[in-house]
Amino acid sequence: MPRARSRQYQRLLAPGTPLRDGLDRVLHGRTGALVVLGNNAKVQQISSGGFRLDVDFTPQSLRELAKMDGAIILSTDLSRIVAAGVHLLPPGEYPSAETGTRHRSADQTAQAAGLPVVTVSASMSTISLFVDGKRNVLETSSQMISRANQTIATLSSFVNRLSDVLQQFNSLEVSEQVTIRDLAQVAHRYEMTRRLSSETQFHIDTLGVEGRLIALQHAEMVASFEGLAELLKVDYAHCLPDPADFTLESLRNFSVDELLSGQLVADRMGFGPQVYLEAPLKSRGVRLLTDVGRLPHSLVTKLVDRFEMQELFGASVSDLLQIDGVGQARARLIRDALLRITEAAYSRPDPPA
């Protein structure tokens, strides 16, 4: 939770936002500042002196007010400047590793008031965010772009790897050779890719207007595995005594080492502890028909309700015409989809390690 709060406020300080613009103006003016991002009873209790303003927030106003000694207090929604030139007197009971007066005051104020506090250091040329007893030094745009580019390059590699694993998985599904181990491997690859995607999205958020190009690259990558978790659940939840137990959400708390254990992944997915990983599984075929076959959802539902996987591949046109709403044109559409699935199965890459 503290990490989530920290990231939430870092997004508010993204380049291009009014608040970041104001802080950058202070930094470039070599003046320094202490800004409380919010106002509550505790802030008022530890505040002394200063000037009550209650005016609209603008980057220019923040820059000018930072020239005075004392803290600047913003409204909780960051839309107004409540006060400036305020002397903060946080209780000394809150521990802080900071030695500078401004940073120590910011750290203890953030802990006492439960609100984030930002400092601008003229001597160190840094902007720091204090929240939940932690200090987060904000990176420059160039530093963030470099880190984001590294992350998205790694994500690209993971997306390609997931694609290879899924292509191998397609062939196993077509030939009905899927085991719990195979499904666990797909879940492991998906979770690792999802985590990198989430990390990339955080970089995009904190980059603000500077992250538009990376956001386009990310959106294209995400499209290749979007909805995969839901489709796997539709295809394999029926293999459990209680289909509601099937989930990939629980893998989010796994460490990287735990994700490498097929036994632990299978257990957390709902198959139970000490499950036999070579036990066969039968897919309903929804993912294949949707992603590879590119059939509309309504038609996929009719097909999987009427046929099992192998029955569908052996179905004749007359068999398909018996499905409500399927005419000659749709029957040909289904046959084309099944052909695409078969071609994907036979053009599979070498099995992933």
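None of the values given here were measured: they were computed from a predicted structure.

A. Quick look at the packing of aromatic side chains. Counted according to the given criterion, the structure contains three aromatic pairs. Arranged with centres 6.3 Å apart and planes meeting at 80°, the rings of F246 and F271 form a pair that is edge-to-face. One end of the pair, F246, is in the loop between α9 (228–236) and α10 (256–259); the other, F271, is in helix α11 (residues 262–271), and 25 residues separate them in sequence. The residues F246 and F271 share a single accessibility class, namely buried. In this structure, R306 packs its charged tip against the face of F307, placed 4.5 Å from the ring centre.

B. Looking closely at a nonpolar patch on the surface. Judged by side-chain polarity, F51, L53, V55 and M68 come together as a nonpolar surface patch covering roughly 320 Å² of accessible area. Within the element layout of this structure, M68 appears in the loop between α4 (59–65) and β4 (71–74).

C. How the structure looks around the confidence of the model for the protein. Across the protein, pLDDT averages 91, with 97% of residues at or above 70. For the protein, helix α1 (residues 2–12) is the element with the lowest average pLDDT, namely 76, and β4 is the one with the highest, namely 98.

D. Representation of the pattern of salt bridges within the structure. Evaluation of the coordinates by the stated rule reveals 15 salt bridges. Between R80 and D56 there is a salt bridge whose closest N-O contact spans 2.5 Å. One end of the pair, R80, is in strand β5 (residues 80–88); the other, D56, is in strand β3 (residues 51–56), with 24 residues separating them in the sequence. Overall, R80 belongs to the partly exposed group, its relative accessible area being 28%. For the salt bridge of R252 with E249, the shortest nitrogen-to-oxygen distance reads 3.4 Å. In the salt-bridge network here, residues are joined through shared partners; they are D54, D56 and R80.

Analysis parameters
- Residues numbered from 1 in each chain as written.
- Predicted model: local features only at pLDDT ≥ 70, side-chain atom pairs only at ≥ 80, totals over all residues.
- Heavy atoms only, no water.
- Phe/Tyr/Trp six-rings, centres within 6.5 Å; stacked < 30°, edge-to-face > 60°.
- Helix = DSSP H or I, 4+ residues; strand = E, 2+ residues; numbered from the N terminus.
- Buried < 20%, exposed > 50% of the residue type's maximum accessible area, 1.4 Å probe, protein only.
- Lys NZ or Arg CZ within 6 Å of the ring centre and 35° of its normal.
- Patch = residues over 30% accessible without salt bridge, like charges linked within 9 Å, V, L, I, M, F, W, Y side chains within 5 Å.
- Areas by Shrake-Rupley, 256 points an atom, 1.4 Å probe, with all protein chains shown as cover.
- Salt bridge = Lys/Arg side-chain N within 4 Å of Asp/Glu carboxyl O.
- pLDDT = per-residue confidence, 0-100.

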